[in-house]
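Residue strings, one per chain:
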Amino acid sequence: MVITSDDLGRAVRLPARPRRIVSLCPSQTETLLALGLSGRVVGRTRYCIHPAAEVSRITEVGGTKQLRLDALRALQPDLIIAEKEENRREDVEALEREFPVYVTDVRSVDGALRMIRHLGQLCDCTQAAEVLAQQIAGRFSRLQPLRPRRRVAYLIWRKPWMAAGADTYIHDVLTRCGFENVFAAKTGRYPETTLEDIERLAPEVLLLSSEPYPFQDRHRQEFAKRLPGAKVLLVDGEAFSWYGARMRLAADALQRLLSEL
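Residues numbered from 1 in each chain as written. Predicted model: local features only at pLDDT ≥ 70, side-chain atom pairs only at ≥ 80, totals over all residues. Heavy atoms only, no water.

**Topic: the pattern of salt bridges**
In the structure shown here, the tally under the stated rule is 23 salt bridges. Notably, a salt bridge pairs Asp6 with Arg10, separated by 2.2 Å at the nearest N-O pair. Arg73 serves as the salt-bridge partner of Asp70, at 3.5 Å between the closest nitrogen and oxygen. Highlighted residues: Asp70 and Arg73, both in helix H3 (residues 69–74), separated by three residues, approximately one helical turn. Within this structure, Asp6, Arg10 and Glu96 form a network of salt bridges that share partners. (Salt bridge = Lys/Arg side-chain N within 4 Å of Asp/Glu carboxyl O. Helix = DSSP H or I, 4+ residues; strand = E, 2+ residues; numbered from the N terminus.)

Here it is in C-alpha cells:
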C-alpha cells in the first residue's frame, strides 16, 4: 500500500499499482486512457466521451453530479479519481468511507501539468505521464498571445448568465492567450451577471462557450447587436476548459482563434 496526499491535502491510502480505477471527471478519464490505462479504468461518468471507442467499453456510473453510487460500488474500485469542481463533496465523503478517493483541484495550466504527473505516480505510469506533460507544455509555450492584450468576457451559462472569473483554469488559459478577463475582479470563480453588466464592462471580445451551456449562433447574433463594438465568437469549450490530454489539441485550436482575432 501507498499513502499519498491529494490536491485537498487529504491522506489517501491506495495500492502501489491500482487495477480497478473509476474516474469521475471527463478530463481525467481521457488523460488516464492517453496514459495507456484503458485496461484498468473500469468506471466513468456519462460525460466522459473521449476517446469514444475506448470509453464505450467502460461502465458508466451516472453524471459527475448525479452519481449512481450502487453501480459504482459494484465495480469494487481500488482507486477513485474525483475533481473538486466537478464532483459533489457529499459523494466524495460517502465513497471515501469505502474506497481510496483521490481528489484533484486544477485551476491553471501549470496545475493541469502537475495533475498529469500525479496521475502517473498514482497509477504506476510515470514515464508516459512525463512524456504527455512535456508535449503539452511545449505546445502551450509556442502560443503567440495577442498584442496588445484585449478585454474579454467568457460566458459559460444562460439563465442565469454566468462567466468564467478568476482562479479558474479558463481564466489562466485566457491570460496565456493575451486576454484581460473583465470578470476577474468579480466575486466567485463563476460569477452570475446580467446583460446590462456585460454591456457596462464593454469587452472587446465576447466568447460564447459550447459547454456547459451549448450557445448557438442565435445567441451570437443577439450579443452582436447589443455589443456592436465587440467581436462575438462561438468557441469550443473543450479547448478552454478540458485539462489533461485534451490540451494537446487545445493549443492548436487556441492559436487558430488568436490568428482569427
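Now, onward.
**What about the side chain of Arg10?**
Inspection of the secondary structure assignment puts Arg10 in the loop between strand E1 (2–5) and strand E2 (11–14). Reaching out from Arg10, the side chain makes a polar contact with the backbone oxygen of Val101 at a distance of 3.0 Å. Leaving out residues up to four positions away in the same chain, Arg10 has contacts with Thr4, Ser5, Val92, Glu96, Val101 and Val103. (Polar contact = N/O pair within 3.5 Å; in protein donor to acceptor, adjacent residues only side chain to side chain. Contact = heavy atoms within 4.5 Å.)

**A closer look at unusual backbone geometry**
Lys159 connects to Pro160 through a cis peptide bond whose omega is 0 degrees. As for its position among the elements, Pro160 is in the loop between strand E8 (150–157) and strand E9 (161–163). Omega for the peptide link from Glu211 to Pro212 comes to 0 degrees, which places this bond in the cis form. By secondary structure assignment, the location of Pro212 is in the loop between strand E12 (205–209) and helix H9 (217–226). A positive phi angle is found at Gln76, which is not glycine, with a value near 50 degrees. Mapped onto the secondary structure, Gln76 falls in the loop between H3 and strand E6 (79–83). Of note, the phi angle at Asp167 is positive, near 60 degrees, even though the residue is not glycine. On the secondary structure map, Asp167 appears in the loop between E9 and helix H7 (169–176). Asp167 sits in the partly exposed class, given a relative accessible area of 41%. (Buried < 20%, exposed > 50% of the residue type's maximum accessible area, 1.4 Å probe, protein only.)

**Let's talk about helix H5 (residues 109–122)**
For H5, spanning 14 residues, the distance from its first C-alpha to its last is 20 Å, which sits close to the expected 20 Å at 1.5 Å a residue. Regarding H5, the residues found buried are Val109, Gly111, Ala112, Leu113, Met115, Ile116, Leu119, Gly120 and Leu122. (Expected span 1.5 Å × (residues − 1).)

**Focus: helix H4 (residues 89–96)**
Buried within H4 we find Asp91, Val92, Ala94 and Leu95. One side of H4 carries all its buried residues, which in axial view fall inside an arc of 165 degrees. In this fold, the buried residues of H4 make contact with H3, E6 and strand E7 (101–104). (Arc of directions from axis to C-beta.)

**Points about the nonpolar core**
Grouped together as the largest cluster of nonpolar side chains are 55 residues, with contacts concentrated most on Phe140, Tyr154, Tyr169, Leu207 and Phe240. Broken down by element, this core gets its largest block of residues, seven residues, from H5. Those residues in contact with Tyr169 that lie beyond four places of it in its chain are Val106, Arg107, Ser108, Val109, Ala112, Phe140, Phe240, Ser241, Trp242, Tyr243 and Met247. (Core = buried A, V, L, I, M, F, W, Y, C linked by side-chain atoms within 4.5 Å.)

**Concerning the sheet that holds strand E5 (residues 59–60)**
On the basis of which strands lie adjacent, the open sheet formed by five strands has the order E5-E4-E3-E6-E7 and parallel pairing. Looking along the sheet, the strands with just one partner apiece sit at the ends: E5 and E7. Bridge count for E6 against E7 is four bridges, and the pairing is parallel. Bridge pairing links Ile81 to Tyr102 in E7. Against the sheet, H4 contacts E6 and E7, and its axis sits at roughly 150 degrees relative to E7. (Pairing = 2+ DSSP bridges. Axes fitted to C-alpha atoms, helices over the stretch in contact; angles between N-to-C directions.)

**Details of the side chain of Arg44**
Its place among the elements puts Arg44 in strand E4 (residues 41–44). With no salt bridge to any partner, buried Arg44 finds its closest opposite charge in Glu60, at an N-O distance of 4.9 Å. Those residues within four positions of Arg44 in sequence are excluded, and the remaining contacts are Ser23, Thr29, Val55, Ser56, Ile58, Thr59, Glu60 and Val61. (Lys, Arg positive; Asp, Glu negative; His and termini not counted.)

**So, the packing of helix H1 (residues 26–34) against H5**
In the contact formed by H1 and H5, the axes pass within 11 Å of each other and the chain directions differ by 55 degrees. In terms of their interaxial angle, H1 and H5 are classed as oblique. Between H1 and H5 lies a crossing of right-handed hand. In contact with Gln28, Thr31 and Leu32 of H1, H5 contributes Met115, Ile116 and Leu119. (Parallel < 35°, antiparallel > 145°, perpendicular 65-115°, else oblique. Left-handed = near helix turned anticlockwise from the far one by under 90°.)

These results come straight from atomic positions and should not be treated as a statement about function.
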